[in-house]
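# Residue-level structure breakdown
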Amino acid sequence: MQNKFNLGFFPTPLEKLENLSSQFPDYNLFIKRDDHTGLATGGNKTRKLEYLIFDALEKGCDTVVTCGAQQSNHCRQTAAACAKAGLECHLLLGGQKPVKYSGNLLISKILGSKIHFTGENRKGEDIDPMMERLRKKGSIPYLIPYGGSNTLGAWGYFEAVKELKDQLNKLNLEIDHIFFATSSGGTQAGLLLGKEEFEMDFTINGINIDKAETEITLEKTILNIVDEFSHENNCAFKRKTFEHPIIIRDYDHPGYGVVTENEKSAIKLLAETEGILLDPVYSGRAFFGMIDILKSGTLKKGSNILFWHTGGIPAIFEST
Ligand SMILES: *Cc1c(COP(=O)(O)O)cnc(C)c1O
């Protein structure tokens, strides 16, 4: 067990999508509601931040620095976590300062974070000089990487698999496939590690969101986290025995944050059938991908399929 700083409401609900399942009679569809983790409109970063914020406090830090896009859900949840933990929060956000703040950016500001606009650099390229500046000022800064995706952050979804397992046991239910939005890799790494540790049989299907490839590919990031995590925590399983991460790249071509008819139709479908909101950047794209795969008929008939809702709701309110 790894110590954590409580930030969210857990377990998040697990529900059957009754109406939608009747539209896909070959499958039973379920949803895990991490849009309801509870931290300033929720989302998957809350689980990671519980471990990262604990570490920051334990190391005696008084300030957190992280980075992301202007509509970053990670940055918004980090701002909320810092408010609760009494830490100063600096966010390095890509792009130029907009005339009007909206969505996640507006919430991050309301939460009291200090926002710095970094132009083209939305993945933390400017983080080192910022850390240096803060140290010179006498602060003790703690760096949270892009998306909170490192070995410590992976504890969030490692433990989330245990949470899901307990819920499934109570319902006497087995899941065959999990679909979710994958981007910086920490969620997928945690799910893969949890699957091994808690001996689950489901297939973990990450729908890729951000087609931009930096020097280090998403797959490599995931496997690095898996390796480090199993090493640090003396896990019995090793990467060799590991299933390869499944990263579905068929839906990322418009590019990060570009909203197309695909995302819009997915948002409309789940809203109109189940009264559940998706976001246009992550969960909307991933949900579209899952529905497209269901329609293709490639998954075994009778499969139980879980959509892991990773949040992102404030992006619906983005306006320029
Ligand atoms: C960050 C994020 C993801 C992707 O999670 P990673 O751990 O970065 O791969 C998915 N959905 C939403 C809403 C997010 O904010």
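Each remark here, short or long, concerns the structure printed above.
Attention here is on the structure that accompanies the text. Treat the numbers as computed from the prediction; the structure is a model and nothing was measured. Note on numbering: residues in each chain are counted from 1, in written sequence order. Owing to the predicted nature of the model, reporting of local features is limited to residues with pLDDT of at least 70; listing and counting of side-chain atom pairs is limited to 80 or more, with chain, interface and lining totals taken over all residues. Excluding hydrogens and water, the side-chain figures rest on all heavy atoms present in the structure.

The next point concerns the packing of aromatic side chains. For Phe, Tyr and Trp, rings pair up if their centres lie within 6.5 Å, where Trp contributes its six-membered ring, and each pair is then called stacked (planes under 30 degrees apart), edge-to-face (over 60) or tilted (otherwise). For the structure shown, the criterion picks out 10 aromatic pairs. Taken together, a centroid distance of 5.1 Å and an interplanar angle of 75° make the contact between Trp155 and Phe158 edge-to-face. Of this pair, Trp155 and Phe158 both sit in helix α6 (residues 155–171), separated by three residues, roughly a single helical turn. Residues Trp155 and Phe158 agree in their burial class; the two are buried. Consider the rings of Phe158 and Phe198, whose centres lie 5.2 Å apart with planes at 50°: the pair is tilted. Here the residue Phe158 occupies a position in helix α6, and Phe198 occupies one in the loop between α7 (186–197) and β8 (203–208), the gap between them amounting to 40 residues. Under the DSSP-based scheme used, a helix requires at least four consecutive residues in state H or I and a strand at least two consecutive residues in state E, with every element numbered from the N terminus. The buried label applies to any residue whose accessible area, calculated with a 1.4 Å probe on protein chains only, is under 20% of its type's maximum; exposed applies above 50%, and partly exposed to all values in between.

What follows deals with the site of the ligand. In the neighbourhood of the ligand, 16 residues make up the surrounding shell, with Lys45, Lys48, Ser184, Thr187 and Thr310 lying closest. Interatomic distance of 2.6 Å between a side-chain N/O atom of Lys48 and an oxygen atom of the ligand. By the criterion applied in these results, polar contacts are pairs of N or O atoms within 3.5 Å in which, for protein atoms, one can donate a hydrogen and the other can accept it, and in which residues neighboring in sequence qualify only through two side-chain atoms. The separation between an oxygen atom of the ligand and a polar side-chain atom of Asn73 is 3.0 Å. Counting only elements with at least two residues in the shell around the ligand, the list comes to α2 (45–58), β7 (177–182) and α7. Three classes are used: nonpolar for Ala, Val, Leu, Ile, Met, Phe, Trp, Tyr, Cys and Pro, charged for Asp, Glu, Lys and Arg, and polar for all others, with Gly counted as polar. Looking at the shell around the ligand residue by residue, the classes come out as two nonpolar, 12 polar and two charged. Boundaries between domains were set according to an automatic or database domain assignment. Counting the residues that make up the shell around the ligand, at least three belong to each of domain 1 (14–43 + 150–317) and domain 2 (45–148). Being near a molecule or strand, for a residue, comes down to having at least one heavy atom within 4 Å of it.

With respect to the helices and strands, the residue Glu50 is situated in helix α2. Glu50 gets classed as buried once you look at its relative accessible area, which sits at 2%. With near-sequence residues (within four places) excluded, Glu50 lies in contact with Lys4, Phe5, Asn6, Leu7, Gly8 and Phe10. Should any heavy atoms of two residues lie within 4.5 Å, those residues are counted as being in contact.

Moving on: the pairing of strand β5 (residues 114–117). DSSP calls a pair of strands paired once it identifies at least 2 bridges connecting them. Sheet topology note: the strand β4 (residues 88–93)/β5 ladder contains four bridges and is parallel. The residue of β5 that forms the bridge with Leu92 is His116. If the strands point away from the viewer and the path from the first strand over the helix to the second runs clockwise, then the crossover is right-handed. Following the chain from β4 across helix α4 (residues 103–110) to the adjacent parallel β5, one finds a crossover that is right-handed.

Each salt bridge in this description consists of a side-chain nitrogen of Lys or Arg and a carboxyl oxygen of Asp or Glu lying within 4 Å of one another. In the structure shown here, the tally under the stated rule is 13 salt bridges. A salt bridge links Lys137 to Glu88, with the nearest nitrogen and oxygen atoms 4.0 Å apart. One end of the pair, Lys137, is in the loop between α5 (127–136) and β6 (141–143); the other, Glu88, is in strand β4, and 49 residues separate them in sequence. With its nearest N and O atoms 3.9 Å apart, the salt bridge here joins Lys264 to Glu261.

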